[in-house]
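One letter stands for each residue in the lines below.
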Amino acid sequence: MPRKKRAEGTRAPNMTASVYEGNDGRWHGRVTMGVLDNGKPDRRHVSAKTEAEVWKKVRDLENDRDAGRIKRPGRAGTVETWLTHWLEAIAAGSVRPKTFAGYQTAVKRHLIPGVGAHRLDRLQPEHLERLYTAMRERGLKPATVHQVHRTVRTALNEALRRGRIVKNPVRDAKAPRVVEEEIEPFTLAEAQRILRAAAGRRNGVRYALALAIGLRQGEALGLQWRDVNAEAHTLTIRRALQRHTWRHGCGGVCGRKRGADCPDRRGGGLVVVDTKSRAGRRVVGVPGPLMAALGAHRERQNVERATAADLWQDDGWVFAQPTGKPVDPRADHREWRELLTEAEVREARLHDARHTAATMLLVLKVPTRAVMDVMGWSQASMATRYQHVPIEVLSGIAKQVEGLLWIAGESTSEQADLA
């Protein structure tokens with residue numbers, strides 16, 4: 001129903017809407033939504049054939065304003081336009097390079113081709129769900145689809161905060177269910193076979209660090225000798241070494257598909273970065289045999305330095321190439337696979353060694369707070385993800401149950417017979 005007419009000579013309160021019949025025969029409404037960037041009132045216009053219809057539109061605008069769902073004036077542009085801006089101007093400077101690489105793949109390979117032509121403010125959950133279904137039909141894994149889902153959710157949350165949209169459609173879109181693969185840490189016998197095989201390989205102590213104290217790959221490869229305190233038997237984790245994907249530095253005019261092939265490529269190769277989190281910057285105790293192995297490793301490296309002579313690049317890396325340069329993570333992965341084959345141990349990820357280290361701390365009944373410090377976790381909930389009950393412990397529990405129910409039961413039965 002139309003609102004009552006205001007008494008003559010009185011002024012309408014601030015933010016009050018106005019409705020009137022125009023010379024074109026249509027009814028018009030104007031609603032003050034706030035203030036524009038230039039300081040002028042942000043007045044939105046709606047129109048309809050009848051007064052009742054225009055009042056409904058006015059009330060919808062007022063409800064959006066009062067609930068904080070104000071879309072910025074003007075056309076919202078396409079999903080592609082926003083995702084490109086978000087990726088290049090917002091995400092590029094605010095996230096870690098590996099995270100950015102994941103965003104870039106999701107946006108350019110899946111989101112822009114799939115939903116990029118839609119207007120940003122008209123994107124619907126069903127559009128995204130159809131994209132997810134098409135990705136699964138192409139044989140992509142649910143984890144890949146979830147990466148795309150998380151990326152567009154993050155990008156549109158930023159659009160929501162900036163008033164580009166009034167609701168994030170990703171919140172209502174259903175992505176395929178991801179079943180996390182159960183991690184099987186190495187058994188004690190497997191870990192010991194890996195340690196024996198690693199002892200005979202160049203830089204082999206690097207894998208002992210992963211198994212014994214759970215260093216991440218980047219943390220181990222980023223160690224420098226100044227981080228090793230042989231007297232205190234500690235390592236200080238200060239940095240990580242990663243391989244980053246090369247990006248175009250030409251603005252996309254070179255015509256090359258890969259950033260690595262761009263004449264002005266930038267941001268790639270081996271890069272030293274900060275630890276994954278503030279908790280990742282830590283001091284870790286090192287078992288005596290492992291510290292002795294590090295000492296022997298340093299002596300062998302000194303021989304390599306003398307052999308390389310002027311070719312040696314002395315940046316102090318604990319684990320280095322024969323010329324002193326840092327070890328490439330890709331070469332490190334290849335070495336790990338060869339190590340498992342030599343040790344006659346099942347195929348496993350290098351990161352599974354970190355799960356094994358966390359599990360050993362569980363077996364040793366190390367307090368959770370101390371486990372967090374050793375592993376570099378910022379949240380205690382990470383223990384649930386990384387710590388697993390090993391087969392040896394399960395077998396021990398079974399033996400205890402056997403002793404309680406069967407052996408003890410037999411003893412009780414014999415005493416009853418004697419009575």
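Small disclaimer: the values here were computed from a predicted structure and weren't measured.

Q: Would you mind going over unusual backbone geometry with me for this structure?
A: For residues that are not glycine, phi is negative in most cases, and the peptide bond is trans in most cases. In this model, His233 sits at a positive phi of 60°, which is unusual for a non-glycine residue. Structurally, His233 is set in the loop between β4 (228–229) and β5 (234–237). Overall, His233 belongs to the partly exposed group, its relative accessible area being 31%. A positive phi angle, close to 60°, is found at Lys365, a residue other than glycine. Among the structural elements, Lys365 can be located in the loop between α11 (352–363) and α12 (368–375).

Q: What is the right way to look at the sheet that holds strand β2 (residues 27–35) in this model?
A: The strands that make up a sheet are held in pairs by hydrogen bonds between backbone atoms, and each pair lies either parallel or antiparallel. Pairing is antiparallel across the open sheet formed by three strands, whose spatial order is β1-β2-β3. Strands with a single pairing partner mark the edges of an open sheet, and in this sheet they are β1 (18–21) and β3 (41–48). Within this sheet the neighbouring strands show an average axis-to-axis angle of 25°, counted without direction. Pairing between β1 and β2: four bridges, direction antiparallel. By the bridge assignment for β2, Tyr20 is matched with His28. Along the sheet, helix α1 (residues 51–66) makes contact with β1, β2 and β3, crossing β2 at roughly 10°.

Q: Explain the nonpolar core here, please?
A: The nonpolar side chains of a soluble globular protein tend to be buried, and buried together. Formed by 29 residues in total, the largest nonpolar core has its most connected members in Trp82, Trp86, Leu111, Leu128, Tyr132 and Leu156. Breaking this core down by element, the ones donating at least two residues are α2 (79–91), α3 (97–115), α4 (125–137) and α5 (142–161). The contacts of Leu156, once residues within four sequence positions are left out, are Trp82, Leu120, Leu123, Ile165, Asn168, Pro169 and Val170. Counting residues in each nonpolar core, the second largest holds 23 residues, with Ala208, Leu209, Ala220 and Leu223 among its members.

Q: I keep staring at the pattern of salt bridges and nothing clicks. Help me out?
A: Applying the stated criterion to the full structure yields 22 salt bridges. A salt bridge links Lys167 to Asp172, with the shortest nitrogen-to-oxygen separation between them at 3.1 Å. A salt bridge links Glu335 to Arg201, with the nearest nitrogen and oxygen atoms 2.8 Å apart. Residue Glu335 is found in helix α10 (residues 329–343), and its partner Arg201 is found in the loop between α6 (188–199) and α7 (205–213); the two are separated by 134 residues along the sequence. On the basis of relative accessible area, Arg201 is assigned to the buried category, the value being 17%.

Q: I'm lost on the packing of aromatic side chains in this one. Help?
A: The way to describe two aromatic rings as a pair is by their centre distance and the angle between their planes. Across all of its chains, the model carries four aromatic pairs by this definition. Centroid distance Tyr207 to Trp336: 5.7 Å. Interplanar angle 35°. Geometry classified as tilted. With a gap of 129 residues between them, Tyr207 in helix α7 and Trp336 in helix α10 connect regions that are remote in the sequence. Relative accessible area serves as the criterion here: at 3%, Tyr207 is assigned to the buried category. Relative accessible area serves as the criterion here: at 1%, Trp336 is assigned to the buried category. These aromatic residues form a ring-pair network of at least three members: Phe186, Tyr207 and Trp336. The aromatic ring of Trp246 is capped on one face by Arg265, whose charged end is 4.0 Å from the ring centroid. A cation sits over an aromatic face here: Arg354 above Tyr386, 5.5 Å from the ring centre.

Q: Help me out: how do you make sense of helix α9 (residues 288–308) in this one?
A: Within an α-helix, residues lying three or four positions from one another point in the same direction, as the helix has 3.6 residues per turn. With 21 residues, α9 ought to run about 30 Å at 1.5 Å a step, and its terminal C-alpha atoms sit 30 Å apart, in line with that. Within α9, burial applies to Leu290, Met291, Leu294, His297, Gln301 and Ala308. Projected onto a plane normal to the axis of α9, the buried residues spread over an arc of 110° and lie on a single side. The exposed set on the far side of α9, more than 90 degrees from its buried face, consists of Pro289, Ala292, Glu299, Val303, Ala306 and Thr307. Buried residues along α9 sit in contact with α7, β4 and β5. Downstream of α9 by a residue or two, Ala309 has a phi angle that is positive, lying close to 55°.

What counts as what
Residues numbered from 1 in each chain as written. Predicted model: local features only at pLDDT ≥ 70, side-chain atom pairs only at ≥ 80, totals over all residues. Heavy atoms only, no water. Helix = DSSP H or I, 4+ residues; strand = E, 2+ residues; numbered from the N terminus. Buried < 20%, exposed > 50% of the residue type's maximum accessible area, 1.4 Å probe, protein only. Pairing = 2+ DSSP bridges. Axes fitted to C-alpha atoms, helices over the stretch in contact; angles between N-to-C directions. Contact = heavy atoms within 4.5 Å. Core = buried A, V, L, I, M, F, W, Y, C linked by side-chain atoms within 4.5 Å. Salt bridge = Lys/Arg side-chain N within 4 Å of Asp/Glu carboxyl O. Phe/Tyr/Trp six-rings, centres within 6.5 Å; stacked < 30°, edge-to-face > 60°. Lys NZ or Arg CZ within 6 Å of the ring centre and 35° of its normal. Expected span 1.5 Å × (residues − 1). Arc of directions from axis to C-beta.

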